[in-house]
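Commentary on secondary and tertiary structure
One-letter residues, chain by chain:
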Amino acid sequence: MSAETTLPDYSLPEEQVPMFFPEVLAESDVAALKEEIAGLLKARNAVLVAHYYVDGHVQDLAEETGGCVSDSLEMARFGRDHDAPTLVVAGVRFMGESAKILSPDKQVVMPTLAAECSLDLGCPPDEFEAFCKANPDRTVVVYANTSAKVKALSDWVVTSSVALPIVESLDAKGEKILWAPDKHLGRYIQHQTGADMLLWSGACVVHEEFKSKALFDLKAVYPDAGVLVHPESPAAVIDIADAVGSTSQILAAARDLPHEMFIVATDRGLFHKLRQRNPDKRFIEAPTAGDGATCRSCAHCPWMAMNELSKVAEVLRDESAMRDKEIRIDPDIAKRAMVPLQRMLDFPR
Ligand code: 13P
Ligand code: SF4
């Protein structure tokens, strides 16, 4: 494979995106499950580390039991620094893998190992390695939403919280960049920094669905609303934003901007924290429908949705389930992936 011109489209075909119908629980079941899980976490000396996109009950439980709810960068840091020997990671597989890479001696389990990410799936390690070999003069920067094998091939791992300053610092040193896998985030960073970036062609199945025309129309209905956008969204959607950033940066913008109402282009899961932290403000989901809408146009990651309360309880109930849902990574790959991941965590912010 030689460089950009021959790179195929690595967006995930629609038939490979699972349909997922989240469980509906009565309030009494929620309370009972939360109590059971809190007891199990204590008994197993485990801590719950959750992403902002997972079920709101799981987010609340993580906070109530001394765990954390955060963006993917802070999840990695929290898991590494917490002294519990077992981490229960409620998110998608790359988040569990990052936790394991940074804490090889801890047991890292997930409510389900089926929780994938379209960016990770759209960056097969062998093809990515060929792409790197075809462009040996470039510094390889990969998004955290990748497999351990892809991280092991990289010089830097970044999340959307730190991608901009890291690429800026590499560009200032005159380095040319090979970026993977998210083409939208890559293009956004390229645009902001002016860096020389060769982009892989993956996409997030959730954020790619946001539609600029429909967003424009909605903004006309609510002209005073601020627009908050995750940079995995298409360029035309980013262009309308008042603030662009990672999940934690969207939360900060909702707190700091003067608007009383926001249209938000990111996974629906984030609305739980947006509303909890800003009870006096209103939040509207950015539109995904319109021409070209598909059955996956629902602004909710089907893999994040798999992290239900009942699945968290299931994995903690018996030790064999914990072993079955444990993240395991080839030690040599984990050792190589640790270097660029640690580099990101050490980057001064
Ligand atoms: P953050 O790093 O912003 O939490 O995003 C992770 C993710 O998967 C976004 O789709
Ligand atoms: Fe991956 Fe998109 Fe889901 Fe985030 S929302 S985990 S980028 S598929």
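None of these values were measured; they are calculated from a predicted model.

1. Notes on the overall build of the protein chain
Looking only at helices and strands, the protein chain has 16 helices and twelve strands in total. Against the compact-globule benchmark of 20 Å for 349 residues, the protein chain has a radius of gyration of 20 Å, which places it among compact chains. Judged by the C-alpha coordinates and their principal axes, the protein chain covers about 55 × 55 × 40 Å. Within the protein chain, residue pairs in contact and separated by at least 24 positions form 65% of the contacts whose partners lie at least 6 positions apart.

2. Quick look at the nonpolar core
Leu48, Val49, Val88, Val89, Val158, Val167 and Leu228 are the most contacted members of the largest nonpolar core, which has 107 residues in total. Leave out the neighbours within four places in its chain, and valine 49 touches Ala62, Gly67, Cys68, Met75, Phe78, Gly79, Leu87, Val88, Val89 and Ala99.

3. A word on the site of ligand 1
Within the structure, ligand 1 sits among Asp71, Ser72, Leu73, Asn145, Thr159, Ser160, Ser161, Cys204, Glu232, Ser246 and Thr247. A class-by-class count of the residues in the shell around ligand 1 yields two nonpolar, seven polar and two charged.

4. Thoughts on the sheet that holds strand β1 (residues 46-51)
Read across the open sheet, the four strands follow the order β2-β1-β3-β4; overall the sheet is parallel. Looking at strand neighbours, the two that pair on one side only are β2 (68-70) and β4 (107-109), the edges of this open sheet. This sheet shows a mean twist of 20 degrees between the axes of neighbouring strands, independent of strand direction. When β1 meets strand β3 (residues 86-90), the two strands line up parallel, connected through five bridges. Each residue of the ladder has a partner; that of leucine 48, found in β3, is valine 88. Relative to the sheet, helix α3 (residues 72-81) contacts β1, β2 and β3, its axis offset from that of β2 by approximately 150 degrees.

5. Some words on helix α14 (residues 309-317)
Taken together, the buried positions of α14 are occupied by Leu309, Lys311, Val312, Val315 and Leu316. Buried residues along α14 cover an arc of 165 degrees about the axis, so they all sit on one side. Check the buried side of α14 and you find it contacts α1 (27-43), β1, α2 (56-64), β3, β4 and α15 (319-324).

6. What to know about the sheet that holds strand β7 (residues 177-180)
Ordered by their spatial adjacency, four strands build an open sheet running β6-β5-β7-β8, and the pairing between neighbours is parallel. At either margin of the open sheet sits one strand with a lone partner, and together these are β6 (156-158) and β8 (197-199). Each strand of the sheet is rotated relative to its neighbour by a mean of 25 degrees, with strand direction disregarded. The sheet contact formed by β7 and β8 spans three bridges and is parallel. Its bridge partner being in β8, isoleucine 177 is matched across the sheet by methionine 197. Contacting β5 (139-143), β6 and β7, helix α8 (residues 163-172) crosses the sheet at an angle of about 150 degrees to β6. With respect to the sheet, helix α9 (residues 183-193) is in contact with β5, β7 and β8, its orientation differing from that of β8 by roughly 165 degrees.

7. Observations concerning the environment of threonine 146
Relative to the elements of secondary structure, threonine 146 occurs in the loop between β5 and α7 (148-152). Separated by 52 residues in the primary sequence, threonine 146 and phenylalanine 94 place their C-alpha atoms 6.1 Å from one another. In this structure, threonine 146 is in contact with Phe94, Leu119, Asp120, Cys123, Lys151 and Pro181, ignoring residues within four places of it in sequence.

8. Comments concerning the site of ligand 2
Close to ligand 2 lie 13 residues; Cys117, Ser118, Cys204, Val206 and Cys301 are nearest. Residue classes in the shell around ligand 2 are distributed as nine nonpolar, two polar and two charged.

9. Focus: the domain arrangement of the protein chain
Each domain of the protein chain was delimited in the assignment, giving domain 1 (4-15 + 119-199), domain 2 (16-117 + 303-328) and domain 3 (207-285). Measuring from the centre of the C-alpha atoms in domain 1 to the corresponding centre in domain 3 gives 25 Å. When its residues are assigned to classes, the side of domain 1 that touches domain 3 shows two nonpolar, four polar and two charged.

10. Some thoughts on the environment of leucine 40
As for its position among the elements, leucine 40 is in helix α1. Through-space distance from the C-alpha of leucine 40 to that of glutamate 27 is 20 Å; in sequence the pair is 13 residues apart.

11. A word on the packing of α3 against helix α4 (residues 93-102)
Relative orientation of the contacting elements α3 and α4 amounts to 35 degrees, with a least axis distance of 9 Å. In this structure, α3 crosses over α4, and the sense of that crossing is right-handed. Contacts between α3 and α4 involve Ser72, Met75, Ala76, Gly79 and Arg80 on the former and, on the latter, Met95, Ser98, Ala99 and Leu102. When grouped by side-chain class, the residues that make up the contact of α3 with α4 number five nonpolar, three polar and one charged.

12. Some remarks on the pairing of strand β12 (residues 282-285)
Relative to β12, strand β11 (residues 261-265) runs parallel, the two being bridged by four bridges. Each bridged residue has a counterpart across the sheet, and for isoleucine 263 the counterpart in β12 is isoleucine 284. Regarding the hand of the β-α-β motif, the stretch spanning β11, helix α13 (residues 271-277) and β12 is right-handed.

13. What to know about α9
Restricting attention to buried positions, one finds in α9 the residues Lys183, His184, Leu185, Gly186, Tyr188, Ile189 and Thr193. Here the buried face of α9 lies against β5, α8, β7, β8, α11 (235-238) and β10 (243-244). Glycine 194 occupies a position one or two residues after α9 and carries a positive phi of about 70 degrees.

What counts, and at which threshold
Within each chain, residues carry numbers counting from 1 in the order of the written sequence. All chains are assigned letters beginning with A, and all ligands numbers beginning with 1, in the order in which they are written. At least 70 in pLDDT is required for a residue's local features to be given in this predicted model, at least 80 for side-chain atom pairs to be given and counted, and no such filter applies to totals for whole chains, interfaces and linings, which use all residues. For helices the rule is a DSSP run of H or I covering at least 4 residues; for strands it is a run of E covering at least 2, with both sets numbered from the N terminus onward. Atoms counted for the radius of gyration: C-alpha only. Globule rule: 2.2 Å times the number of residues to the power 0.38. Contacts are defined on C-beta atoms placed from the backbone: any two residues whose C-beta positions lie within 7 Å are in contact. A set of buried Ala, Val, Leu, Ile, Met, Phe, Trp, Tyr and Cys residues, joined to one another through C-beta atoms within 7 Å, is what we call a nonpolar core. Working definition of burial: number of other C-beta atoms within 10 Å of the residue's own, with buried at 20 or more, exposed at 12 or fewer, and partly exposed in between, all C-beta atoms being placed from the backbone. Contact assignment follows one rule, namely that a residue is near a molecule or strand if its backbone-placed C-beta atom lies within 6 Å of it. Residues are grouped as follows: Ala, Val, Leu, Ile, Met, Phe, Trp, Tyr, Cys and Pro are nonpolar; Asp, Glu, Lys and Arg are charged; all remaining types, including Gly, are polar. In short, DSSP must find at least two bridges between two strands for them to pair. Interaxial angle, 0 to 180 degrees, is taken between N-to-C directions of lines fitted to C-alpha atoms, where a helix line uses only the stretch in contact. Here the arc refers to the directions that run from the helix axis out to each C-beta atom. Boundary definitions for the domains trace back to an automatic or database domain assignment. In this scheme, a crossing is called left-handed if the near helix is turned counterclockwise away from the far one by less than a right angle; it is called right-handed if the turn is clockwise. Crossover handedness is defined here as right-handed if the route from the first strand over the helix to the second strand goes clockwise, with the strands pointing away from the viewer.

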